[in-house]
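# Structural description and commentary
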Amino acid sequence: MAVSVAEYLGQRTDIDTVNITPVKLRQAVPCPFMDGKCSKVSKGLQPVCSVRKRNGTMWIVCEHRLCATPKTKEIINSKKREPSLLTEHQTDILWKIASTVYRGDFEKKNIVVNREAPIPIEETGGSYKADYIMRNLAPAAKIDEILLEMQGGGETSSTKSISDHVANWAVLEEPTNEFLRQQLAKPNSIETNAWRRQQEQFLVKGNIVNQTGGKIVFAIGELIYDYLYPRVSRANLRDLRKHNWTLCLLGIKEDKTSPPISGPIPLVVDKERLLFTNYSTFVRTLTDQGGPEPSIFEGNFISLEGKNIKI
């Protein structure tokens, strides 16, 4: 268990050519990944976008880092809101995903998205929101309607120790990247919580889209993919990439094909972490885990009269 700060306000910490400059908290600072201000800085939180585990794997800790979904932004020095544009970073991530899941000939102009699109729940009268609804408007597109859900990472344990470390770095007379990226012993990524938060919405939204004739794409960080995949791999799910797939698990990882340069850590679709299969079969596999285990009803019990009973 150990992590280090990988990105501070969109600046990677593992190079020393340019020292990262600390920012003052509770002010309007542009987010490096979406059209709007950094929500962490506005709330008085340290703008850590991602951390790196001891083995070098990146774990995203900001909800806006992978591919932010808000359709509007707050105007600086005003409570009013206005439409937010797709940034170059968002367009890049969305195009990489589209290029992976769609077949046939198409261009960027053919790919359209609707952010935070409402998905009504008929039984309750409520609704969920899709991160993205993606369409392929190319003539004779073989695949078109997609619900795209994003979960690049999640929380860490001992978050306060990360915040305290960054705060100590920020007040140094000469804050260096080397100090900022020091490894911290206590924190660790919590993949289980990241999946639990997504699970209900993933199942409900996926079921609605599946019945509507669309497909669901779940773009996830490599650590979440590695958490999920063993739970379904035993079922030997059919590879339907070139056929009528209805679910795609799509891993996102750090792009290490070029030497690191100052700025954000580049991301890429992980070609080794792709699963195109049937949504219904995948869900059955997830829910059909475990078997009979009579031993759980044996052992040391206590009666309601306070007596110890061994069964």
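The following paragraphs examine the structure supplied in this document. (Residues numbered from 1 in each chain as written. Predicted model: local features only at pLDDT ≥ 70, side-chain atom pairs only at ≥ 80, totals over all residues. Heavy atoms only, no water.)

A few words now on the overall build of the protein chain. Each helix and strand in the protein chain was counted, giving eight helices and 14 strands. Sequence separation of at least 24 residues holds for 66% of the intrachain contacts in the protein chain that already meet a minimum separation of 6. A total of about 17300 Å² of accessible surface is found on the protein chain, and carbon and sulfur atoms cover 51% of it. A gap of 1 Å separates the mean positions of the 42 positive and 36 negative side-chain charges of the protein chain. (Helix = DSSP H or I, 4+ residues; strand = E, 2+ residues; numbered from the N terminus. Contact = heavy atoms within 4.5 Å. Areas by Shrake-Rupley, 256 points an atom, 1.4 Å probe, with all protein chains shown as cover. Lys, Arg positive; Asp, Glu negative; His and termini not counted. Charge placed at Lys NZ, Arg CZ, Asp CG, Glu CD.)

With that settled, consider helix α2 (residues 88-101). Structurally, the α-helix is built with 3.6 residues per turn, so residues lying three or four positions apart point the same way. With 14 residues, α2 should cover 20 Å at 1.5 Å per step; its first-to-last C-alpha distance of 20 Å lies within 8% of that length. Within the span of α2, buried status applies to H89, Q90, I93, L94, I97, A98, T100 and V101. The arc enclosing the buried residues of α2, seen along the axis, measures out at 165°, which places them on a common side. Here the buried face of α2 lies against β7 (111-120), β8 (127-136), β9 (146-151), β10 (215-221), β11 (247-254) and β12 (267-277). (Expected span 1.5 Å × (residues − 1). Buried < 20%, exposed > 50% of the residue type's maximum accessible area, 1.4 Å probe, protein only. Arc of directions from axis to C-beta.)

Moving on to helix α3 (residues 159-170). Here α3 spans 17 Å end to end across 12 residues, near enough to the 16 Å set by a 1.5 Å rise per residue. For α3, every residue scored as buried is listed here: I162, H165, V166 and W169. Taken end-on, α3 shows its buried residues confined to a sector of 95°, consistent with a single buried face. For α3, the secondary structure elements touched by its buried residues are β1 (3-8), β3 (48-53) and α4 (177-180).

The strand order across the open sheet formed by four strands is β2-β1-β3-β4, and the pairing between neighbours is antiparallel. Both outer strands of the open sheet, β2 (11-12) and β4 (58-60), are each paired with one neighbouring strand and no more. Taken together, the two bridges between β1 and β2 define a ladder with antiparallel strand orientation. Residue pairing for β2: Y8 is matched across the bridge by Q11. Together, β1 and β3 form the strand contacts of α3, whose direction differs from that of β1 by roughly 60°. (Pairing = 2+ DSSP bridges. Axes fitted to C-alpha atoms, helices over the stretch in contact; angles between N-to-C directions.)

The next subject is the pattern of salt bridges. In this structure the tally under the stated criterion is 20 salt bridges. We note a salt bridge from D164 to K160, for which the minimum N-O separation is 2.8 Å. You can see D164 and its partner K160 sitting in helix α3, four residues apart, about one turn around the helix. What makes D164 partly exposed here is its relative accessible area of 35%. Overall, the relative accessible area of 59% leaves K160 in the exposed class. With its nearest N and O atoms 3.4 Å apart, the salt bridge here joins E222 to R273. With E222 in helix α6 (residues 222-228) and R273 in strand β12, this residue pair connects regions lying 51 residues apart in the sequence. (Salt bridge = Lys/Arg side-chain N within 4 Å of Asp/Glu carboxyl O.)

One finds F202 and F282 to be the most contacted residues of the largest nonpolar core, which totals 40 residues. Listed by contribution, the elements that provide at least two residues to this core are β1, β3, α3, α5 (191-212), β10, α6, β11 and α8 (279-287). In terms of residues, this core owes the most to one element, α6, which gives five residues. Those residues in contact with F202 that sit more than four places away from it in its chain are W195, I216, F218, L247, Y279 and F282. (Core = buried A, V, L, I, M, F, W, Y, C linked by side-chain atoms within 4.5 Å.)

Let's shift gears to the sheet that holds β8. In spatial order, the strands read β7-β8-β9-β10-β11-β12; together these six strands make up an open sheet with mixed pairing. In this open sheet, the two strands that pair with only one neighbour each are β7 and β12. Neighbour-to-neighbour, the strand axes of this sheet turn through a mean angle of 30°, independent of strand direction. With six bridges joining them, β10 and β11 adopt parallel strand pairing. Each bridged residue has a counterpart across the sheet, and for V217 the counterpart in β11 is C248.

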